Amino acid sequence: MGPKAAFCRSIRADPGFPQAGAFPQVGRIAVAVRGRDRGSWSGWLLRDALVDLVLGGRCAGCDRPGVSLCLDCGRALATSTPYRAWPEPVPSWLRPTTAVAEYGGVVRSMILAHKEHARYGLARPLGESLAVAIQGTLGSGRAAWLCPVPSAPSTVRQRGHDPLRRITAAAARSLRRDGYDVRTADALTAVRRPQDQAGLSAERRAANLAGAFSARSRWAERLTDQPVIVVDDVLTTGSTVAEACRALAVRGIPVLGCAVLAATRRRAPSGS
Ligand SMILES: [Zn+2]
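Here the structure is a predicted model, which means the values were calculated and not measured.

Draft legend 1. How the structure looks around the pairing of strand β7 (residues 228–235). In terms of burial, β7 is largely enclosed, as seven of its eight residues are buried. Examined bridge by bridge, strand β3 (residues 143–148) and β7 share four bridges and lie parallel to one another. Bridging across to β7, L146 finds its partner in I229. At this point the chain moves from β7, through helix α10 (residues 239–249), to the parallel strand β8 (residues 255–263), and the crossover so formed is right-handed.

Draft legend 2. Representation of the sheet that holds β3 within the structure. Taken in spatial order, the six strands make up an open sheet running β1-β2-β8-β7-β3-β4, and their pairing is mixed. Looking at strand neighbours, the two that pair on one side only are β1 (83–84) and β4 (181–184), the edges of this open sheet. Packed on one face of the sheet, helix α5 (residues 123–138) meets β2 (97–102), β3, β7 and β8 and runs near 140 degrees to β8. Packing against the sheet, helix α7 (residues 163–177) makes contact with β3, β4 and β7, and its axis sits at approximately 165 degrees to β4.

Draft legend 3. Geometry of unusual backbone geometry. With an omega of 0 degrees, the peptide bond running from E88 to P89 counts as cis. Within the secondary structure, P89 is located in the loop between β1 and β2. Of note in the backbone geometry, D63 takes a positive phi value of approximately 70 degrees without being a glycine. One non-glycine residue with positive phi stands out, namely A118, at about 50 degrees. Tracing the sequence through the fold places A118 in the loop between α4 (105–116) and α5.

Draft legend 4. Quick peek at the nonpolar core. Core analysis: the largest hydrophobic core is formed by 69 residues, its most contacted members being I134, L146 and C147. Top contributing element to this core by residue count: α5, with eight residues. Excluding residues within four positions of it along the chain, I134 makes contact with A144, L146, A171, L175, I229, V231 and A259.

Draft legend 5. Local environment of the packing of helix α8 (residues 202–209) against α10. Relative orientation of the contacting elements α8 and α10 amounts to 35 degrees, with a least axis distance of 9 Å. Our pair here, α8 against α10, has a crossing hand that is right-handed. Across from A202, R205, A206 and L209 in α8, the residues of α10 making contact are S239, T240 and E243. Partitioning the contact of α8 with α10 into residue classes produces three nonpolar, two polar and two charged.

Draft legend 6. Spatial organisation of α7. Look at α7: 21 Å from first C-alpha to last across 15 residues, which is about the 21 Å you get at 1.5 Å a residue. Within the span of α7, buried status applies to P163, L164, R166, I167, T168, A170, A171, A172, S174 and L175. Elements in contact with the buried residues of α7: α4, α5, β3, β4 and β7. G179, located one to two residues past α7, shows a positive phi value of around 90 degrees.

Draft legend 7. A look at the pairing of β2. Summarising burial for β2: five of the six residues are buried, a large majority. Where β1 meets β2, two bridges bridge the pair, whose relative direction is antiparallel. Its bridge partner lying in β2, Y83 is registered against A99. One ladder, built from five bridges, connects β2 with β8; its direction is parallel. Bridged to T98 within β8 is A259.

Draft legend 8. Up close: the environment of G257. By secondary structure assignment, the location of G257 is in strand β8. The spacing of G257 and T98 is 159 residues in sequence and 8.1 Å in space, taken between C-alpha atoms. G257 has contacts with R95, P96, T97, T98, T137 and I229, leaving out every residue within four places of it along the chain.

Draft legend 9. Local environment of the environment of A215. Its location among the elements puts A215 in strand β6 (residues 213–215). Taking the C-alpha atoms as reference points, A215 and L188, 27 residues apart in sequence, are found 4.5 Å from one another.

Draft legend 10. Geometry of the packing of α5 against α7. Relative orientation of the contacting elements α5 and α7 amounts to 65 degrees, with a least axis distance of 7 Å. Considering only the axes of α5 and α7, their crossing is right-handed. Of the residues in α7, those in contact with A123, R124, L126, G127, E128, L130, A131 and I134 of α5 are R166, I167, T168, A170, A171, S174 and L175. Residues that form the contact of α5 with α7 fall into these classes: nine nonpolar, three polar and three charged.

Draft legend 11. Main features of the confidence of the model for the protein chain. Per-residue confidence for the protein chain gives a mean pLDDT of 81; residues scoring 70 or more make up 77%. Element-level pLDDT for the protein chain is lowest in helix α1 (residues 24–33), with a mean of 39, against a maximum mean of 98 in β3. The low-confidence segment residues 1–40 (pLDDT under 50) makes 62 contacts with residues lying over four places distant or belonging to another chain. This model gives residues 267–272 a pLDDT under 50, and the stretch forms four contacts once residues within four places in sequence are excluded.

The rules behind these values
- Residues numbered from 1 in each chain as written.
- Predicted model: local features only at pLDDT ≥ 70, side-chain atom pairs only at ≥ 80, totals over all residues.
- Buried ≥ 20, exposed ≤ 12 C-beta atoms within 10 Å, placed from the backbone.
- Helix = DSSP H or I, 4+ residues; strand = E, 2+ residues; numbered from the N terminus.
- Pairing = 2+ DSSP bridges.
- Right-handed = clockwise from strand over helix to strand, strands pointing away.
- Contact = placed C-beta atoms within 7 Å.
- Axes fitted to C-alpha atoms, helices over the stretch in contact; angles between N-to-C directions.
- Core = buried A, V, L, I, M, F, W, Y, C linked by C-beta atoms within 7 Å.
- Left-handed = near helix turned anticlockwise from the far one by under 90°.
- Nonpolar A, V, L, I, M, F, W, Y, C, P; charged D, E, K, R; others polar.
- Expected span 1.5 Å × (residues − 1).
- pLDDT = per-residue confidence, 0-100.

Structure below.
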């Protein structure tokens, strides 16, 4: 595989992975975008549209003046095909990970608008998307514990909210509406704050994160009745998600796999 090869291999190359048609939510979200599913987030979009009309909002995906999430961006998110994302190199402890989209464009803008600018209304469409990734990791299973990667308490205070927990809760609600037995588990805690990961190599990231998370002992017995899935928003080198898998595994909690909204592509080395 050349230097410009995809950082994450497409699911189409993974014969053991269910194909897009196996994800009923993809269709359901698309229906919601078309506005036929009044019980889904089209209702939220309508309410948000009214607020935006009054306050002069912009689409979180494309910055077009108007609603918080325009139909084009909603469709772009809803029609993404989930795939198995393996960073290269694969960090030790990392379990098989499903991503909904490559990190960029609409999904990146939405994640950042929700995370950094507290546009809480985006939690639901993002949660619906994360639910599709969770289904991909679950395969034929119908039950799971969802463990979000923890944020440092100081980061949560600074932002004023915990974006990943909010999206994970939305994903769990979405899956329960579809008949899944899915619960969120606040099992992981950040025991120290790693330095900023930006600009660090995969190796340095792994070293920076080693021992950063711990699994709360009271969860060790509870998380044995159904599979455990680690969830995060973005997979880059995989070291953060791998550290979460490690923290659970050393407490005797086996992790089935991981689910993320988006995964980055490997950058081609400069000059090539
Ligand atoms: Zn848009």
